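Given next are the chains, with one letter for each unit.
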Number of protein chains: 2
Amino acid sequence: MCVALDRTPSGSYGIDMSTDLDIVFSALADPTRRAILSMLLEDDMAVTDVAEPFEMSLAAISKHLSILTRAGLIQQEKRGRVKWCKLQPDALRSASVWMQGFGQFEPVHLDAFERFLAAEFHDDQA
Amino acid sequence: MCVALDRTPSGSYGIDMSTDLDIVFSALADPTRRAILSMLLEDDMAVTDVAEPFEMSLAAISKHLSILTRAGLIQQEKRGRVKWCKLQPDALRSASVWMQGFGQFEPVHLDAFERFLAAEFHDDQA
DNA sequence: TGCATATTCAACCATATGGTTGAGCTTGCA
DNA sequence: TGCAAGCTCAACCATATGGTTGAATATGCA
């Protein structure tokens, strides 16, 4: 599903990482959806239980869950008549990588000791 | 920045950066804006130069730059009749911290990031 | 002074987004 | 068998978003 981190040499096929990021970031842009993700961090939940704390219709929550599913941020699995929602944190990785790339250019606040450690353990990190 | 009391349904999380996250994530959700950020990673640029590679009016780019500024992702400074745009990567920190809460991600390898960025930038130019 | 450059503003348009309601489908169970 | 529970669908609505164009506002310079 999520191919954002695909680094295979199939680049000419034009796997669209850009669209994945569109979908993931816009999924994260809504506070209700971020709250849902936080809730699912605790435990898997049924749709009805996800909806319970919100002052919003079940249908609206159902839509939010579809958006999160489409972004690959959660997985939904139906068991009996209950649809369970499970966090899929891996989908955040591509977005996280993208963002941290900008962090590389932040001024580095290493003091001499940390600089020493960084140099000392450089091989371990490679 | 906005600091208010948290009101997420899932409980108390102390300081609420919810609206900040809304603004930052939705700023990042647009491929044109991400491409602009990538360009500014190279160097500071004037508005006209930012607009140059895009097949879109200058006014549209100007709007995108306002959105990035409002999100704190860039800073704009007018010198003479030229308005310079400068990356402000610190603004990504709160969003990054939020996302880190969802899982341990691999340490970022810069070369992987640059390939990722190059691919995405290529998509946007196409 | 007067014109070109750099950028934003204002009005407008099409589409996307986030919500509602009511009906409909599937499943569990008394 | 029949009803309640769990969830989605479809239609609708208001507002947000991302783009356009033409006019307006600064600023630099010959």
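Just so it is clear, the model here is predicted, and its values are computed rather than measured.

It is worth spelling out the protein's contact with DNA strand C at this point. Taken together, the neighbourhood of DNA strand C is formed by 22 residues, with Ser57(A), Lys63(A), His64(A), Thr48(B) and Ser62(B) sitting nearest. Taken together, the sugar and phosphate atoms account for 64% of what DNA strand C places within 4 Å of the protein. Separating a phosphate oxygen of DNA strand C from a side-chain N or O atom of Arg33(A) is a distance of 3.2 Å. In this structure, a base oxygen belonging to DNA strand C sits 3.0 Å away from a side-chain N or O atom of Arg81(B). Going through the elements one at a time, α4 (58–70) of chain A together with α3 (47–51), α4 (58–70) and β5 (82–87) of chain B are the ones with two or more residues in the surface near DNA strand C. Taken together, the residues of the surface near DNA strand C sort by class into nine nonpolar, six polar and seven charged.

What follows is about the packing of helix α2 (residues 31–42) of chain A against α4(A). Residues and elements named next belong to chain A. The interhelical angle for the contact between α2 and α4, taken along N-to-C directions, is 75°, at an axis separation of 10 Å. Classified by the angle between their axes, α2 and α4 sit roughly perpendicular to one another. Facing Thr32, Arg33, Ile36 and Leu37 of α2, the residues of α4 in contact are Ile61, His64, Leu65, Ile67 and Leu68. Its residues assigned to classes, the contact of α2 with α4 shows six nonpolar, two polar and one charged.

This part covers the protein's contact with DNA strand D. Near DNA strand D lie 21 residues; those nearest to it are Thr48(A), Ser62(A), Lys63(B), His64(B) and Gly80(B). Across the atoms of DNA strand D situated within 4 Å of the protein, the share located in sugar and phosphate is 66%. Lys63(B) places a side-chain nitrogen or oxygen 2.4 Å from a base oxygen of DNA strand D. One of the backbone N or O atoms of Arg81(B) is found 3.3 Å from a sugar or linking oxygen in DNA strand D.

Residues and elements named next belong to chain A. Taken in spatial order, the three strands make up an open sheet running β1-β3-β2, and their pairing is antiparallel. Edge strands, defined here as strands with exactly one partner in the open sheet, are β1 (45–46) and β2 (74–79). Pairing of β2 with strand β3 (residues 82–87), which is carried by six bridges, proceeds in the antiparallel orientation. Within the sheet, the bridge partner assigned to Gln75 lies in β3 and is Lys86. Where α2 meets the sheet, its contacts fall on β1, β2 and β3, and the angle it forms with β3 comes to roughly 90°. Sitting on the sheet, α4 is in contact with β2 and β3, with an inclination near 120° to β2.

Here the focus is the sheet that holds strand β3 (residues 45–46) of chain B. Residue and element names in this part refer to chain B. Taken in spatial order, the three strands of this open sheet run β3-β5-β4, and their pairing is antiparallel. On the outer flanks of this sheet lie β3 and β4 (74–79), each paired with one strand and no other. The pairing of β3 with β5 spans two bridges and is antiparallel. Bridge pairing in β5 links Met45 to Cys85. Contacting β3, β4 and β5, helix α2 (residues 31–42) crosses the sheet at an angle of about 90° to β5. Each of β4 and β5 is contacted by α4, which is oriented at about 120° to β4, the strand it contacts most.

Moving on: the confidence of the model for chain A. Close inspection of predicted coordinates is inappropriate in any region flagged by low pLDDT. Residues and elements named next belong to chain A. Confidence in the prediction of chain A, expressed as mean pLDDT, is 75, and 67% of residues score 70 or more. When the criterion is pLDDT under 50, residues 1–15 qualifies, and its contacts beyond four places in sequence or with other chains add up to 18 contacts. Residue range residues 105–126 is modelled with pLDDT below 50. Its contacts to residues more than four positions away, or to other chains, number seven contacts.

We now examine the packing of helix α1 (residues 18–28) of chain B against helix α5 (residues 92–100) of chain B. All names here are of chain B. Running from amino to carboxyl end, α1 crosses α5 at an angle of 95°, the nearest separation of the two axes being 9 Å. The angle between α1 and α5 falls in the class roughly perpendicular. Here Leu21, Val24, Phe25 and Leu28 of α1 lie close against α5, whose contacting residues are Leu92, Ser94, Ala95, Trp98 and Met99. For the contact of α1 with α5, the per-class residue count stands at eight nonpolar, one polar and no charged.

Tallied over the entire structure, the rule returns three aromatic pairs over all chains. A ring pair is formed by Phe25(A) and Trp98(A), whose centres lie 6.0 Å apart and whose planes are at 70°; its orientation type is edge-to-face. With a gap of 73 residues between them, Phe25(A) in helix α1 (residues 17–28) and Trp98(A) in helix α5 (residues 92–103) connect regions that are remote in the sequence. Each member of the pair, Phe25(A) together with Trp98(A), is buried. An aromatic cluster is defined as three or more aromatic residues linked by ring pairs; in this entry it consists of Phe25(A), Trp98(A), Phe25(B) and Trp98(B).

Basis of the calculations
- Residues numbered from 1 in each chain as written.
- Chains lettered and ligands numbered in written order.
- Predicted model: local features only at pLDDT ≥ 70, side-chain atom pairs only at ≥ 80, totals over all residues.
- Heavy atoms only, no water.
- Near = heavy atom within 4 Å.
- Polar contact = N/O pair within 3.5 Å; in protein donor to acceptor, adjacent residues only side chain to side chain.
- Helix = DSSP H or I, 4+ residues; strand = E, 2+ residues; numbered from the N terminus.
- Nonpolar A, V, L, I, M, F, W, Y, C, P; charged D, E, K, R; others polar.
- Axes fitted to C-alpha atoms, helices over the stretch in contact; angles between N-to-C directions.
- Parallel < 35°, antiparallel > 145°, perpendicular 65-115°, else oblique.
- Contact = heavy atoms within 4.5 Å.
- Pairing = 2+ DSSP bridges.
- pLDDT = per-residue confidence, 0-100.
- Phe/Tyr/Trp six-rings, centres within 6.5 Å; stacked < 30°, edge-to-face > 60°.
- Buried < 20%, exposed > 50% of the residue type's maximum accessible area, 1.4 Å probe, protein only.

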